[in-house]
Structure formats: C-alpha cells, structure tokens
Amino acid sequence: MTPFEFTEPDVLDEDLRMVRQQVRRFVDDVIVPNGEAWEANGEIPRSVFRQLGELGFLGMRHPVEYGGGGMGCMASVVLGEELARSSFGGVASALTVHSDMSVSHIAHNGTDEQKRKYLPDACAGRTVGAICVTEPHAGSDVAGLKTRAVRTAEGWVINGSKTYITNGVYGDLYIVAARTDPSAKGSRGISLFIVEKGAPGLKVARKFEKHGWRSSDTAELFFDDMKLPHDALLGEEGKGFYSIMDTFQNERLVVGALASGTSARAIELTVDYLRNRQAFGKSLWEQPVVRNKLAWVAAKAAAVRALTYQCAQMIDQGKDAVREVSMLKAFGAETLQEVVHTCLQLHGGTGYIIGTPVERMARDSRILTIGGGATEVMLEEVAKRM
Ligand SMILES: Cc1cc2nc3c(=O)[nH]c(=O)nc-3n(C[C@H](O)[C@H](O)[C@H](O)COP(=O)(O)OP(=O)(O)OC[C@H]3O[C@@H](n4cnc5c(N)ncnc54)[C@H](O)[C@@H]3O)c2cc1C
C-alpha cells in the first residue's frame with residue numbers, strides 16, 4: 001500500500017522526523033496487530049504505556065529534569081498524527097489524554113515536589129493520567145461545575161462527581177477540578193487537585209459502553225467525602241479554570257493532529273480499495289467521479305494539517321493562538337467527519353461491516369466534534385475574536 005502522505009512540513013527538525021518514524025514503527029508492530037483485541041476488552045494493556053514511556057514518547061512535552069523530553073508542541077502533533085494513523089482512535093485517545101491533557105497540569109503548575117513525585121513515573125508510562133473536568137450537569141459550560149472542595153485542618157474534603165472521564169477506570173492519577181470558593185462567580189473559585197487512585201472516598205461508579213473509542217475506558221466517578229492532603233492542591237487556589245483553558249489549547253491542537261492522522265489513513269485505505277476493486281469493467285479508481293471525491297476530501301484534509309502545524313508553530317513561538325486553535329478544533333473535527341464518511345461510502349458494503357478499519361474510524365471520529373469543546377462552542381470562541 002502506498003502511504004497517503006503530505007510533504008513533511010519544513011518546521012519539523014531531524015529529531016521530530018525520527019520521532020515520527022519510531023512511533024510509526026511502534027504503531028505497525030504493536031498497535032495495529034493487537035488493536036482489535038483491545039477494542040474487544042475495552043482496555044489497553046499497561047505494557048503499551050510502559051513501552052511507549054521507555055521509548056520516551058509519553059513525556060516528550062515535560063521538563064527534562066523530571067524525566068521528560070523538554071520538547072515543544074510539534075512533538076504532540078507528530079505523536080497524535082501517528083497514533084491516529086493506527087486507525088484505532090481509542091488507543092490514540094487513551095495515550096494522548098495521558099501524554100498531553102492530564103499530567104501536563106502537573107508539569108505546568110505543579111510545585112517542584114509534585115513534579116518530582118509524579119512526572120518521572122508518568123513519563124515512563126508506569127502511571128496513567130486522567131483529566132476530570134466534565135460533570136453530569138456541566139460539560140461545555142466548564143464554569144458551571146459543582147464538585148466542591150473544602151479545606152479542613154487535616155487537608156481537603158471533596159464531594160461531587162465527574163463523568164465521561166477517559167482513563168477513569170484504569171488510570172492512577174486524576175487531575176480533578178473542584179470549586180473551592182462557592183461565593184466566587186463562574187470561572188473564579190475553581191481549583192485543581194491531584195488525586196491518586198485509592199484515595200479514600202473516590203469511587204469509580206461505572207464504565208460506559210461507547211459508540212466508538214472502544215479500547216479506551218470512559219468512567220463516571222464519585223467523590224464521597226474524598227479526603228486529600230493539603231499538598232494535593234495543584235497550582236494556585238481559585239485559578240484552576242484558567243489552567244484548564246490553557247491546557248485546552250494543547251488538547252485542541254492534538255485533536256487537529258488526530259484529525260490529520262486519521263484522515264491520511266482513511267484516504268490511504270480508500271485509494272487502495274478503489275485501485276483493487278473492479279466494477280463495470282475497470283477499477284473504481286478509474287472512474288473520475290469516484291476519485292475526484294477522494295481528491296476533494298484529501299484537499300480538505302491537507303488544509304486541516306496545514307492549520308494544525310500553523311497552530312503548533314504559533315504556540316511554540318509564544319503567540320496567542322486561541323482563535324486559530326478554536327478554528328482548528330471546529331474545522332478539523334468537522335472535516336474529519338466528511339473524510340471518514342466519504343471513505344466509508346467509497347468502501348461500499350465493506351465500509352459498513354464492524355471491524356473494518358474505515359468503519360471503526362467513522363465511529364471513533366464522531367466524538368471529536370463534541371469532546372474537548374463542541375464545534376458550536378469553538379465557533380463562538382472564534383467569533384468573539386473577530
Ligand atoms: C468518549 C468521551 C471521552 C471524554 N473524555 C473526557 C475526559 O477525559 N475528561 C473530561 O473532563 N471530559 C471528557 N469528556 C466530556 C466532553 O468533553 C464533553 O462531553 C463535552 O465537553 C460536551 O459536554 P456535554 O457532553 O455536557 O454536552 P453539553 O454541554 O450538554 O452540550 C450538548 C451540545 O449542545 C451544543 N452546545 C453546547 N454549548 C453550546 C453553546 N454555547 N452554543 C451552541 N451550542 C452549544 C453542542 O452541540 C453540544 O455538543 C468526554 C466525553 C466523551 C463522550
């Protein structure tokens with residue numbers, strides 16, 4: 001099969017090109033042959049985190065002195081693209097929530113002691129991280145969250161619940177957003193906490209059955225007088241909302257990378273299918289109306305990819321990229337729907353059969369217009385900045 005690939009962007013240095021090759025090899029050797037079994041089990045073996053950790057891919061963004069690679073946003077983009085090319089969106093989500101969306105809060109806002117305690121194991125894949133923001137009554141409206149943290153003489157006591165938490169069942173380290181000042185309005189008065197698995201009062205209430213991302217676990221969590229030490233507070237008290245918004249920029253960038261990698265793989269599989277499928281006396285590829293459809297989505301996928309790298313570059317240069325990243329989250333996730341459904345259509349009946357890569361990619365991709373900021377919410381962020 002000829003890989004469907006865009007030219008490697010000039011902004012990628014030799015190190016990142018090597019990262020791409022190594023992650024791709026790991027995807028081909030480990031993820032692709034085992035992904036279906038993990039989908040069936042609803043779980044990714046811990047050994048996968050450890051192997052990727054040993055290769056240095058889970059801590060690329062974290063500081064070198066705590067076991068990380070000290071790299072910029074481009075590293076997250078390359079990792080996201082290559083994991084997505086596996087065609088197993090659940091695997092890519094579990095791994096990138098760990099590498100780019102949860103433990104990152106400790107790297108950005110933790111004390112030296114917290115970083116020393118948690119980052120080396122997270123970088124090595126010995127622990128798995130989760131980010132716990134969404135609640136049953138507060139998803140898009142993060143500032144509406146109600147989970148309550150109260151400071152006592154012994155430490156913090158947290159009551160409330162979280163839902164749809166990726167790595168919520170099998171994770172070890174939860175970054176939890178809770179309200180520390182109920183009198184403060186909306187986004188003010190929210191703080192972050194580091195919660196270790198087994199904290200007294202932490203209950204994994206249920207594991208959800210999902211439309212897609214079936215190999216990643218998604219849980220509902222309850223905090224019933226959950227007791228934490230004083231030093232579980234992560235970052236400044238009352239500033240948690242702003243840390244969440246900061247880290248969302250990286251999360252949304254990674255969604256762009258997932259869209260780019262998934263699109264490339266779906267298009268590649270479809271070119272291959274069309275070249276080999278005979279109908280009406282020739283291959284389907286020889287029907288211009290068919291291949292033009294694919295060329296059209298390939299053009300859009302190329303635009304998503306270009307915007308992904310532009311956003312990464314802007315963030316790495318320290319520029320305010322909220323508008324562009326919000327555009328990317330909306331445009332990337334929506335374009336991906338068009339790409340995977342065009343590819344599914346062009347696979348005919350095969351595309352509708354459970355277990356074919358294009359069928360799985362269509363299911364897995366659906367969440368990306370919702371999770372991490374729904375398209376409508378992202379477009380509002382863009383509009384506010386116009
Ligand atoms: C598989 C999966 C994994 C997830 N992983 C995590 C995780 O690890 N951690 C975590 O904290 N959360 C996670 N989430 C939650 C996810 O981020 C939320 O589902 C998402 O933010 C949307 O929130 P909601 O589901 O409450 O939808 P709602 O906020 O109820 O919104 C419903 C819909 O209304 C529309 N809408 C909402 N607000 C507006 C608006 N202002 N203007 C116009 N339209 C609007 C959108 O179409 C939106 O999809 C996950 C969800 C899923 C399904």
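Residues numbered from 1 in each chain as written. Predicted model: local features only at pLDDT ≥ 70, side-chain atom pairs only at ≥ 80, totals over all residues. Heavy atoms only, no water.

### Let's talk about helix α3 (residues 73-84)
Over its twelve residues, α3 runs 17 Å from end to end, which matches the ideal 16 Å to within 8%, given 1.5 Å per residue. Within α3, twelve of the twelve residues are buried, which leaves the element mostly enclosed by the surrounding structure. Listing the buried residues of α3 in full gives C73, M74, A75, S76, V77, V78, L79, G80, E81, E82, L83 and A84. Looking at the buried side of α3, the elements it contacts are α1 (14-41), α4 (89-102), α7 (240-276) and α8 (288-316). (Helix = DSSP H or I, 4+ residues; strand = E, 2+ residues; numbered from the N terminus. Expected span 1.5 Å × (residues − 1). Buried < 20%, exposed > 50% of the residue type's maximum accessible area, 1.4 Å probe, protein only. Contact = heavy atoms within 4.5 Å.)

### Describing the nonpolar core
Counting residues in hydrophobic clusters, the biggest one holds 96 residues, and the most contacted among them are I31, L83, I106, I267 and L294. If you tally residues by element for this core, the top one is α7, at 16 residues. Setting aside anything within four residues of it in sequence, one finds I31 in contact with F26, W38, L83, S86, F88 and V91. (Core = buried A, V, L, I, M, F, W, Y, C linked by side-chain atoms within 4.5 Å.)

### Comments concerning α8
For α8, spanning 29 residues, the distance from its first C-alpha to its last is 41 Å, which sits close to the expected 42 Å at 1.5 Å a residue. One or two steps after α8, the chain reaches G318, where phi turns positive at roughly 80°.

### Focus: the pairing of strand β5 (residues 190-196)
Counting buried residues in β5 gives six out of seven residues, a clear majority hidden from the surface. Note that strand β4 (residues 173-179) and β5 share seven bridges and pair antiparallel. Bridged to R179 within β5 is I190. As paired strands, β5 and strand β8 (residues 233-234) are joined by two bridges and run antiparallel to one another. Across the sheet, the residue bridging to F193 is L233, located in β8. (Pairing = 2+ DSSP bridges.)

### Details of the pattern of salt bridges
With the rule as written, the count across this model stands at 24 salt bridges. When the shortest N-O distance is used, the salt bridge between E81 and R305 registers 2.8 Å. Of the two residues, E81 sits in helix α3 while R305 sits in helix α8, which places them 224 residues apart along the sequence. Note that E338 is salt-bridged to K300, the shortest N-O span being 2.9 Å. Of this pair, E338 sits in helix α9 (residues 322-346) while K300 sits in helix α8, and the two are 38 residues apart along the sequence. For K300, a relative accessible area of 22% puts it in the partly exposed group. (Salt bridge = Lys/Arg side-chain N within 4 Å of Asp/Glu carboxyl O.)

### Section: the side chain of R252
The residue R252 is located in helix α7 in this model. Although R252 is buried, it makes no salt bridge; E381 carries the closest opposite charge, 6.3 Å away. Those residues in contact with R252 that sit more than four places away from it in its chain are V325, L328, K329, G372, G373 and M378. (Lys, Arg positive; Asp, Glu negative; His and termini not counted.)

### Here we look at the site of the ligand
The ligand sits among 17 residues. The nearest are I131, T134, S140, Y164 and E376. S140 has a polar side-chain atom sitting 2.7 Å from an oxygen atom of the ligand. Note that an oxygen atom of the ligand is positioned 3.3 Å from one of the backbone N or O atoms of G372. For the ligand, the accessible surface in isolation is 960 Å², of which the surrounding protein chains cover 64%. Elements with a contribution of two residues or more to the shell around the ligand: β3 (156-166) and α11 (375-384). With three residues, β3 is the largest single contributor of residues to the shell around the ligand. (Near = heavy atom within 4 Å. Polar contact = N/O pair within 3.5 Å; in protein donor to acceptor, adjacent residues only side chain to side chain. Areas by Shrake-Rupley, 256 points an atom, 1.4 Å probe, with all protein chains shown as cover.)

### Quick look at the environment of C73
Mapped onto the elements of the fold, C73 is located in helix α3. C-alpha separation for the pair C73 and C311, spaced 238 residues apart in sequence, amounts to 8.9 Å. Aside from chain neighbours lying at most four places away, what touches C73 is R61, N250, L253, A312, I315 and D316.

### Re the packing of α1 against helix α2 (residues 46-54)
Where α1 contacts α2, the two axes come as close as 12 Å, and the packing angle between them is 165°. Looking at the two axes, α1 sits roughly antiparallel to α2. The two elements α1 and α2 cross, and the hand of that crossing is left-handed. Packed against α1, whose contacting residues are F26, V30 and W38, the element α2 presents V48, Q51 and L52 at the interface. Residues of the contact of α1 with α2, tallied by class, amount to five nonpolar, one polar and no charged. (Axes fitted to C-alpha atoms, helices over the stretch in contact; angles between N-to-C directions. Parallel < 35°, antiparallel > 145°, perpendicular 65-115°, else oblique. Left-handed = near helix turned anticlockwise from the far one by under 90°. Nonpolar A, V, L, I, M, F, W, Y, C, P; charged D, E, K, R; others polar.)

### Looking at the environment of E135
Relative to the helices and strands, E135 is located in the loop between β1 (129-132) and β2 (148-151). Note on E135: relative accessible area 7%, which makes it buried. Non-local contacts of E135, meaning those with residues more than four positions away in its chain, are made with L145, K146, T147, S161, K162, T163 and A177.

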